[in-house]
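Commentary on secondary and tertiary structure
Each chain, letter by letter, is given below.
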Amino acid sequence: VGLYLLALSSLTHTKMSSTEKCAEEKVRWKYSAPFEPFSYWETLGHGYEYCEAMEEFQKQFTEAVNEMRRRKKGADVIFNYPLFDHSRTSDTIIFHDEALLPHWREVSLACKFSVL
């Protein structure tokens, strides 16, 4: 019985330490995904409108993650950031690019910390 309680106590301590670490990281957090400029997307062969849209997309990602990080636990936040082509008549389709993975990671971490 004593060993079982010791293990339970240790588990509780570990969980508290993990929560405390998350809280500390939440306070020290700064958006760290690198911003790829217009020229990056252009060198990949994308047109002007797409390059502009990608700059806007990264900006919107940053704003959305910052909002997620600032919101109160349990508060609903809905993001709708349409990206339009230059004529503003249709949506821009964003293709997969490794450069966007750090941005998705930031969203993932913001979701994780929003439940703590």
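Note: the structure precedes this text.
Before going further, it helps to examine the overall build of the protein chain. When you go through the protein chain residue by residue, the secondary structure sums to four helices and zero strands. For the protein chain, the residues scored as buried account for 26% of the 116 residues in total. At a minimum sequence separation of 6, the contacts of the protein chain that also span at least 24 residues come to 67%. Per element, the accessible surface of the protein chain, about 8,500 Å² overall, is 59% carbon and sulfur.

This next bit is on the pattern of salt bridges. Charged atoms that come close allow side chains of opposite charge to pair. For the structure shown, the criterion picks out one salt bridge. One salt bridge in this structure joins Arg-70 and Glu-67, with 3.1 Å as the shortest N-O distance. With Arg-70 and Glu-67 both in helix H3 (residues 48–70) and three residues apart, this pair spans about one turn of that helix. For Arg-70, a relative accessible area of 60% corresponds to the exposed category. A relative accessible area of 32% places Glu-67 in the partly exposed class.

Turning our eyes to something else, we now look at the side chain of Glu-36. Relative to the assigned elements, Glu-36 resides in the loop between helix H1 (2–28) and helix H2 (38–43). Despite its burial, Glu-36 pairs with no opposite charge; the closest candidate is Arg-105, at 15 Å N-O. In contact with Glu-36, not counting residues within four places along its chain, are Trp-41, Glu-55, Gln-58 and Ala-99.

For the rest of this paragraph, the subject is the environment of Glu-36. A relative accessible area of 19% places Glu-36 in the buried class. As a C-alpha pair, Glu-36 and Gln-58 span 22 residues in sequence and 8.0 Å in three-dimensional space.

With that out of the way, let us pick up H3. The terminal C-alpha atoms of H3, which comprises 23 residues, lie 34 Å apart, in line with the 33 Å expected from a rise of 1.5 Å per residue. When we look at burial in H3, the residues that qualify are Tyr-50, Cys-51, Ala-53, Met-54, Phe-57, Gln-58, Gln-60, Phe-61, Ala-64, Val-65, Met-68 and Arg-69.

Now for the nonpolar core. Counting 15 residues, the largest nonpolar core has Tyr-31, Trp-41, Met-54, Phe-57, Phe-61, Val-65 and Leu-100 as the members making the most contacts within it. Listing elements by their share of this core, those giving two or more residues are H2, H3 and helix H4 (101–114). Broken down by element, the residue count for this core peaks at seven residues, all from H3. Setting aside residues no more than four positions away along its own chain, Trp-41 makes contact with Glu-36, His-46, Tyr-50, Cys-51, Met-54, Gln-58, Asp-97, Ala-99 and Leu-100.

Its location among the elements puts Thr-92 in the loop between H3 and H4. Residues Thr-92 and Tyr-50, spaced 42 residues apart in sequence, show a C-alpha to C-alpha distance of 7.2 Å.

This part is about the packing of aromatic side chains. Geometry of an aromatic ring pair is reported as the spacing of the ring centres plus the angle between the planes. With the rule as written, the count across this model stands at five aromatic pairs. Judged by centre distance (4.7 Å) and plane angle (85°), the ring pair of Tyr-40 and Trp-41 falls under edge-to-face. The exposure class assigned to Tyr-40 is partly exposed, which follows from its relative accessible area of 25%. Residue class for Trp-41 comes out buried when judged on its relative accessible area of 0%. Centroid distance Tyr-50 to Phe-95: 5.7 Å. Interplanar angle 40°. Geometry classified as tilted. Here Phe-95 lies in the loop between H3 and H4 and Tyr-50 lies in helix H3, a separation of 45 residues in the sequence. Clustering of aromatic rings is evident, with ring pairs tying together Phe-57, Phe-61 and Trp-104.

Calculation notes
- Residues numbered from 1 in each chain as written.
- Predicted model: local features only at pLDDT ≥ 70, side-chain atom pairs only at ≥ 80, totals over all residues.
- Heavy atoms only, no water.
- Helix = DSSP H or I, 4+ residues; strand = E, 2+ residues; numbered from the N terminus.
- Buried < 20%, exposed > 50% of the residue type's maximum accessible area, 1.4 Å probe, protein only.
- Contact = heavy atoms within 4.5 Å.
- Areas by Shrake-Rupley, 256 points an atom, 1.4 Å probe, with all protein chains shown as cover.
- Salt bridge = Lys/Arg side-chain N within 4 Å of Asp/Glu carboxyl O.
- Lys, Arg positive; Asp, Glu negative; His and termini not counted.
- Expected span 1.5 Å × (residues − 1).
- Core = buried A, V, L, I, M, F, W, Y, C linked by side-chain atoms within 4.5 Å.
- Phe/Tyr/Trp six-rings, centres within 6.5 Å; stacked < 30°, edge-to-face > 60°.

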